[in-house]
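Chains, contacts and geometry: an overview
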Amino acid sequence: MHPALRETLESVDPEIAELLVAEERRQRDKVRLIASENYVSGAVLAATGSVLTNKYSEGYPTKRYYEGQQYIDRVEQLCIDRAKALFGADHANVQPYSGSPANLAVYFAFLKPGDTVMGMGLPAGGHLTHGWNVSITGTYFRAVQYGVRQDTHCIDLDEVRALAKKEQPKLMFAGGTAIPRTIDFAAFADIAREVGAVFAADIAHIAGLVAGGQHPSPVPVADVVSTTTHKTLRGPRGGMLMCKAQHAKAIDRAVFPGLQGGPHNHTTAGIAIALKEAQQASFRDYAAQIVANAKALAAALVERGWSLITGGTDNHLILADLTPKGVSGKIAARALDAAGMELNYNSIPFDPRKPFDPSGVRLGTPSVTSRGMGPTEMRQIAHWMDAVVTAPTDAALHERISGEVRELCARFPAPGILL
Ligand SMILES: *Cc1c(COP(=O)(O)O)cnc(C)c1O
């Protein structure tokens, strides 16, 4: 945090100030391997902590319901223009509060309650908002879920096609939260076209890889592309929708006034900055390094006897089955956290264990890559991870490794952290 801001905060609310500084220190000192997280730049942090949070701007640039939009209109228009340019989209809406509301807007734009949506099931790596039964999307709509093959743990497009033909969805989602392989968006688009469904590609996890040229873009083939802005794209917490020109009105109306009130202008400014950063050549290097790091980390784990779902990764994400290591995902995640390495326990496809204590862990390389770490550090991290998972109750070992992790982190300063 900027020292001046910190001083103000400490004088107004020392309790919150102390917690923010503690969290900043935690993010500084840990190897953060949660696949959906990152470090935003100081410029993005500055925008999200700005006076733009004071302004109401219901509507869209030049069509607002409140006065005083001279500067906000320009901020939002810049953000829209940069999103369109970066992804090559006809239209962009940068107002969704986050990825889940962005997806809900897609339902509201194209479906009536009870209509059929088809998406990947949560246990296979899909997202809650793709029709999972505890989500509003699986209760207000008729959800049909596809999974992965039992033998390869990959999506079987023949199976997806057969299911789509049988169930005739009006909306089809591709994308997910625990898919370690490249998604064939063009094939999904073909299937959607065959059954007359709207095709929505959800690139929440991989938007930075798409922008950086490390994953094929769904923009040319999808009716709508939905994304978060805070994962690999490395912006503030938020969401965006991009679509073909013919869907622009429906999408805009669904976001506002359909689902939301005033946009979060401070977030919009932060997204605009992140999109500008994503246009730099260095962002392409970052995206390539994310994938190279994930591959290096995966290979080093496999060398140590780890069982990875699909055998490895094409992107930023690794899903490991810890059954051969004789430890549950939750116990491993807790032990790793104590040793300074943060990830999340995660179900694996066809998991025999329950979701609150599943067989796997999910990890990813966006945050460590944003710190400038490379394959050498990935091998070191794999070495530590294996030592911890092999001795999940050895508190002294965890303590010793957490110290070594802190030393490594000190050599790779994190963006945005001034401590
Ligand atoms: C993270 C994610 C979302 C939801 O984003 P939130 O900002 O957490 O609401 C939606 N879809 C996919 C595929 C995601 O990974």
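The sections below set out a description of the structure shown in this document.

Calculation criteria
Residues numbered from 1 in each chain as written. Predicted model: local features only at pLDDT ≥ 70, side-chain atom pairs only at ≥ 80, totals over all residues. Heavy atoms only, no water. Near = heavy atom within 4 Å. Polar contact = N/O pair within 3.5 Å; in protein donor to acceptor, adjacent residues only side chain to side chain. Areas by Shrake-Rupley, 256 points an atom, 1.4 Å probe, with all protein chains shown as cover. Helix = DSSP H or I, 4+ residues; strand = E, 2+ residues; numbered from the N terminus. Pairing = 2+ DSSP bridges. Axes fitted to C-alpha atoms, helices over the stretch in contact; angles between N-to-C directions. Left-handed = near helix turned anticlockwise from the far one by under 90°. Contact = heavy atoms within 4.5 Å. Nonpolar A, V, L, I, M, F, W, Y, C, P; charged D, E, K, R; others polar. Buried < 20%, exposed > 50% of the residue type's maximum accessible area, 1.4 Å probe, protein only. Right-handed = clockwise from strand over helix to strand, strands pointing away. 1 Å grid on protein atoms, 1.4 Å probe; cavity = no way out; pocket = protein on both sides within 12 Å on 5 of 7 lines; lining within 4 Å. Points joined across faces, edges and corners; volume = space filled by probe spheres on them. Domains from an automatic or database assignment. Phe/Tyr/Trp six-rings, centres within 6.5 Å; stacked < 30°, edge-to-face > 60°.

**What to know about the site of the ligand**
Neighbouring residues of the ligand: 13 residues in total, closest Ser-98, Ser-100, Asp-202, His-205 and Lys-231. Measuring from an oxygen atom of the ligand, one finds a backbone N or O atom of Gly-99 at 3.0 Å. Within the contact set of the ligand, an oxygen atom lies 2.6 Å away from a side-chain nitrogen or oxygen of Ser-100. Compared with its free state, where it exposes 380 Å², the ligand has 86% of that area covered by protein. The element contributing the most residues to the shell around the ligand is helix α5 (residues 99–110), with three residues.

**Concerning the sheet that holds strand β14 (residues 344–346)**
On the basis of which strands lie adjacent, the open sheet formed by four strands has the order β11-β12-β15-β14 and antiparallel pairing. The strands lining the two open edges of the sheet, one partner per strand, are β11 (307–308) and β14. Pairing between β11 and strand β12 (residues 317–321): two bridges, direction antiparallel. Across the sheet, the residue bridging to Leu-308 is Ala-320, located in β12.

**Some details on the packing of helix α4 (residues 70–87) against helix α11 (residues 265–278)**
Two elements in contact, α4 and α11, have axes separated by 9 Å at closest approach and are oriented at 35°. As for the relative orientation of α4 and α11, their crossing is left-handed in sense. Note on element contacts: α11 touches α4 through Asn-265, Thr-268, Ala-269, Ile-271, Ala-272, Ile-273, Leu-275, Lys-276 and Ala-278, opposite Ile-72, Val-75, Glu-76, Cys-79, Arg-82, Ala-83, Leu-86 and Phe-87. Residues that form the contact of α4 with α11 fall into these classes: 12 nonpolar, two polar and three charged.

**Let's talk about the pairing of strand β8 (residues 198–202)**
Of all five residues making up β8, five are buried, and the element is well covered by its neighbours. Burial along β8 is two-sided: the face carrying Val-198, Ala-200 and Asp-202 and the face carrying Phe-199 and Ala-201 are both buried. As judged from the four bridges shared by strand β7 (residues 171–174) and β8, these two strands associate in the parallel manner. Bridge assignment links Met-172 to a residue of β8, and that residue is Phe-199. Crossover handedness for the path β7 to helix α8 (residues 185–195) to β8: right-handed. With three bridges connecting them, β8 and strand β9 (residues 224–228) associate as parallel partners. Opposite Ala-201, over in β9, you have Val-225 as the bridge partner.

**Observations concerning the side chain of Asn-346**
Summarising the element assignment, Asn-346 is placed in strand β14. When sequence neighbours within four positions are dropped, the list of residues in contact with Asn-346 reads Ala-178, Leu-319, Asp-351, Pro-358, Ser-359, Gly-360, Val-361 and Arg-362.

**Re the side chain of His-316**
As for its position among the elements, His-316 is in the loop between β11 and β12. Separated by 2.9 Å, the side chains of His-316 and His-205 make a polar contact. Contact partners of His-316, with chain neighbours within four places excluded, come to Ala-35, His-205, Ile-206, Leu-209, Thr-232, Ile-290, Ala-294, Leu-363, Gly-364, Thr-365 and Pro-366.

**Overview of the sheet that holds strand β5 (residues 116–120)**
Read across the sheet, seven strands follow the order β4-β10-β9-β8-β7-β5-β6 without closing on themselves; strand pairing throughout is mixed. Single-partner strands in this sheet number two, and they are β4 (91–93) and β6 (142–146). Recorded for the sheet is a direction-independent mean angle of 20° between the axes of neighbouring strands. With five bridges joining them, β5 and β6 adopt parallel strand pairing. Looking across to β6, one finds that Val-117 is bridged to Ala-143. On the sheet, helix α10 (residues 248–259) packs against β4, β9 and β10 (239–243) and is oriented at approximately 5° with respect to β4.

**Describing empty space enclosed by the protein**
On inspection of all chains with the given rule, the structure shows two cavities of 30 Å³ or more. Empty space within the largest cavity amounts to approximately 70 Å³. As for the largest cavity, its lining consists of 13 residues, and the residues nearest its centre are Gly-176, Ile-179, Ile-183, His-205 and Ile-206. Broken down by class, the residue content of the lining of the largest cavity amounts to six nonpolar, five polar and two charged. Taken domain by domain, the makeup of the lining of the largest cavity includes at least three residues from each of domain 1 (47–278) and domain 2 (288–410). In this model, the second largest cavity occupies a volume close to 60 Å³. Forming the boundary of the second largest cavity are Val-94, Gln-95, Pro-96, Tyr-97, Gly-238, Pro-263, His-264, Thr-267, Thr-268 and Ile-271. Its residues assigned to classes, the lining of the second largest cavity shows five nonpolar, five polar and no charged.

**Structural notes on the packing of aromatic side chains**
Per the stated rule, a full pass over the model turns up eight aromatic pairs. For the pair Tyr-60 and Phe-256, a centre-to-centre distance of 6.4 Å together with 75° between the ring planes defines the contact as edge-to-face. A residue pair is termed long-range when its members are at least 10 positions apart, and Tyr-60 in strand β2 (residues 59–60) and Phe-256 in helix α10 qualify at 196 residues. Residue classification places Phe-256 among the buried positions, given a relative accessible area of 10%. With 5.6 Å between their ring centres and 40° between their planes, Tyr-146 and Phe-188 make a pair best called tilted. In this pair, Tyr-146 sits in strand β6 while Phe-188 sits in helix α8, placing the two residues 42 residues apart along the sequence.

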